[in-house]
Amino acid sequence: MKFLDQAKIYVRSGDGGDGVVAFRREKYIEYGGPDGGNGGRGGDVIFRAVPSLNTLIDFRYTQHFRARKGGNGAGSDRTGAAASDVLIDVPVGTQIFAEDRETLLADLDEAGKEILLCRGGDGGLGNANFKSSTNRAPRRADKGWPGEERWVWLRLKLIADIGLVGLPNAGKSTLLSVASRARPKIADYPFTTLHPQLGVVRLNATEEFVIADIPGLIEGASNGAGLGDRFLGHVERCASLVHLIDGTESQIVRHWRLIRHELEAYDPILAQKPEIIVLNKCDALTAQQKSAKRRALEKASGSPVMTLSGVTHEGLPEVLRALQDRVNLARTK
């Protein structure tokens, strides 16, 4: 299944059914009277978040959703049938934006959450509603009210507790594979991760969290370089970020500042999230090199730096414990 995290679709609720003009025609009843029924309600358009979906790929092939019109009224004061609603299932974490792509209409961030986006039109009144002592045979009936229509943008932001950020080949996919049962693509060339991956990390029977791996950022990603920075939207909901840095590189401080700059350019609020800096690939470093690079990063960032080897699992329990503590703290808040 291909991953798609945004789509533009057209939705329209149903028109209300028309009221009718009708009169009683019964034997042995000397005077009839108006008995035209009302029209039925048009169908609504409802969005629902379901946990069984994790992509918007279905909306690439189906882009128009229309609810049916309500049934027309009939004689004998019969009301037209209400049309059925159109229920659109989307992944948990889907945001619905207006056509301008800026106005947020709904945020379906919980499983089972629903939003009525377009309300169906009310049915028109039949002539039985207009009879009075001075107008005993009204010939007026109203048309049904029109439904609502709009183009909307769907944007998927995955629900994860921890987000992995860093340059390509920093070891994010390797960390995801050794910490969870996820099996992302791992290779010795850049941009092996082309779309976000999720993994569930279980420390014990009672503690677990969801970790998200996104494509690597490069210098100028905020201006469209590489794969761009749009995938950062998938870590906006995370409680904390893990900034992985390749310890075998010579300019680790510059690389840390580069990623920080791209986070700031995307969204200053995202850049303010708690961050755990991890010096990765330490199995390829001597003890002296590891200590020197760790001190350089701590001096530049003003934060403690953890060390890790995704290959030998050195430092992995400590990193996962620190992440679980961050998640526990965020959940209590």
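Criteria and cut-off values
- Residues numbered from 1 in each chain as written.
- Predicted model: local features only at pLDDT ≥ 70, side-chain atom pairs only at ≥ 80, totals over all residues.
- Heavy atoms only, no water.
- Pairing = 2+ DSSP bridges.
- Helix = DSSP H or I, 4+ residues; strand = E, 2+ residues; numbered from the N terminus.
- Axes fitted to C-alpha atoms, helices over the stretch in contact; angles between N-to-C directions.
- Contact = heavy atoms within 4.5 Å.
- Phe/Tyr/Trp six-rings, centres within 6.5 Å; stacked < 30°, edge-to-face > 60°.
- Lys NZ or Arg CZ within 6 Å of the ring centre and 35° of its normal.

K.L.:
I would appreciate a short explanation of the sheet that holds strand β11 (residues 208–213) in the present structure.
P.N.:
Note: strands within a sheet are paired through backbone hydrogen bonds, in either parallel or antiparallel orientation. Read from one edge to the other, the open sheet built from six strands follows the order β10-β11-β9-β12-β13-β14, with strand pairing classed as mixed. Each edge of the open sheet is held by one strand with a lone partner, namely β10 (197–202) and β14 (305–307). Across this sheet, the average inter-strand angle for adjacent strands is 30 degrees, counted without regard to direction. In this fold helix α2 (residues 172–179) packs onto β9 (162–165), β10, β11 and β12 (240–246), with an angle of close to 40 degrees to the strand it touches most, β10. Packing against the sheet, helix α3 (residues 252–266) makes contact with β9, β12 and β13 (275–280), and its axis sits at approximately 145 degrees to β12.

K.L.:
Explain the environment of Gly147 here, please?
P.N.:
Position of Gly147 relative to the elements: it lies in the loop between β7 (114–118) and β8 (149–156). On a C-alpha basis, the gap between Gly147 and Ser132 in space is 30 Å, while along the polypeptide they are 15 residues apart. With near-sequence residues (within four places) excluded, Gly147 lies in contact with Arg12, Ser13, Gly14, Asp15, Arg119 and Gly121.

K.L.:
Would you explain the packing of aromatic side chains in this entry?
P.N.:
Each aromatic ring pair is summarised here by two numbers: the centre-to-centre distance and the angle between the ring planes. What the rule picks out here adds up to two aromatic pairs. With a centroid separation of 5.3 Å and 55 degrees between ring planes, the pair formed by Tyr10 and Trp151 is classed as tilted. Linking Tyr10 in strand β1 (residues 6–12) with Trp151 in strand β8, this pair joins segments that are 141 residues apart in sequence. Over the ring of Trp151 we find Lys8, and its NZ or CZ is 5.3 Å from the ring centre. Directly above the ring of Trp153 sits Arg101, whose terminal nitrogen or CZ lies 3.9 Å from the centroid.

K.L.:
Got a minute to help me understand the environment of Leu104 in this structure?
P.N.:
Along the chain, the position of Leu104 falls in strand β6 (residues 104–108). In this structure the C-alpha to C-alpha distance between Leu104 and Val152, which are 48 residues apart in sequence, comes to 9.9 Å. Setting aside residues no more than four positions away along its own chain, Leu104 makes contact with Gln95, Ile96 and Phe97.

Bear in mind that shape data such as this cannot, by itself, settle questions of function.
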